[in-house]
Amino acid sequence: MAELNGTPIALDSLQALALTNYGHFTSMRVEHGRVRGLALHMARLARDCQAVFDTELDLDRVRELARRLAPTDSAGVVRVTIFDPALDLGHVGSDAQPQVLVTTRPAGPLPLPPMRVQSVVYTRDMPSVKSVGLFGSLRHRRTAQRAGFDDALFVDAGAIISEGGTWNVGFVKDGEVIWPDADCLVGTTMELLREAHPSTTRTVRLADVASLDAAFATNIGIGVRAIGAVDEHALPSRHPVVEQLRKEYDELPGDLL
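Residues numbered from 1 in each chain as written. Predicted model: local features only at pLDDT ≥ 70, side-chain atom pairs only at ≥ 80, totals over all residues. Heavy atoms only, no water.

Colleague: Hey, could you run me through empty space enclosed by the protein in this one?
Modeller: All told, the structure shown has one cavity of 30 Å³ or more when counted by the stated rule. In this structure, the largest cavity encloses a volume near 40 Å³. In terms of lining, the largest cavity is formed by A16, L17, T20, Y22, F83, D84 and L87. Ranked by residues supplied to the lining of the largest cavity, first place goes to helix α1 (residues 11-20) with three residues. Each residue belonging to the lining of the largest cavity can be placed in one class, and the counts come to five nonpolar, one polar and one charged. (1 Å grid on protein atoms, 1.4 Å probe; cavity = no way out; pocket = protein on both sides within 12 Å on 5 of 7 lines; lining within 4 Å. Points joined across faces, edges and corners; volume = space filled by probe spheres on them. Helix = DSSP H or I, 4+ residues; strand = E, 2+ residues; numbered from the N terminus. Nonpolar A, V, L, I, M, F, W, Y, C, P; charged D, E, K, R; others polar.)

Here is the structure:
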């Protein structure tokens, strides 16, 4: 389902989003009308709208529009995309009037099996903004999948690890949870886990992976998912700390949308 400002989206508006591809979004896993980290999702939308469009966003209106399509008796993913159909490639500098596109899709079952990731040198444009411009991330995901992996893990020119294709990455060493300190899009799942479980943030290099005890990926679609291999280095498919993180995340009650 898809609605723009509460009504079915017209083809010309959808075409504007597809052809100009300028905007930002957040995706929320809704379970029986509740969202883990709802305040974080709303804060992201407000922050990114200011960064992308230089204007404020009516968050009460956003929640109202999202509630219209959100499942109330099952699990689904509600994506809120903020864009301005009036902006085009030649006039993207005009004053913006951001519109609210709400789309839904079924939520997949969790947990997911461990995944294998391939490291690649890549840094997204404006890593702190959840932009609709996903070409680079998806290109590297495609390359990794065609090489037999599940997804791509981003590192910089110095082999410092930052994030995954559309997820955050964390590691475990001697029972301690470690989050990389490189620039990345800090996801709501990552933020919730940092609040729920003691952790540290520091530089993690690709060469460090061999000395780490476990690795995991996080986002709203996958929850907490074990990483079973980075390149050709195998990691445990199950680890007590990763299982504990998953339990703590699953037990978060969420807030009514």
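Now that the structure has been shown, we can carry on.
Colleague: I would appreciate a short explanation of the pairing of strand β13 (residues 214-219) in the present structure.
Modeller: A regular strand carries its side chains on alternate faces of the sheet. Burial of β13 is extensive: six of the six residues sit out of reach of the surface. Pairing of strand β10 (residues 168-173) with β13, which is carried by five bridges, proceeds in the antiparallel orientation. Its bridge partner being in β13, F171 is matched across the sheet by A215. Sheet analysis places β13 next to strand β14 (residues 223-230), joined by four bridges and oriented antiparallel. Across the sheet, F216 pairs through a bridge with A226, a residue of β14. In sequence, β13 turns back onto β14 through a hairpin of three residues. (Buried < 20%, exposed > 50% of the residue type's maximum accessible area, 1.4 Å probe, protein only. Pairing = 2+ DSSP bridges.)

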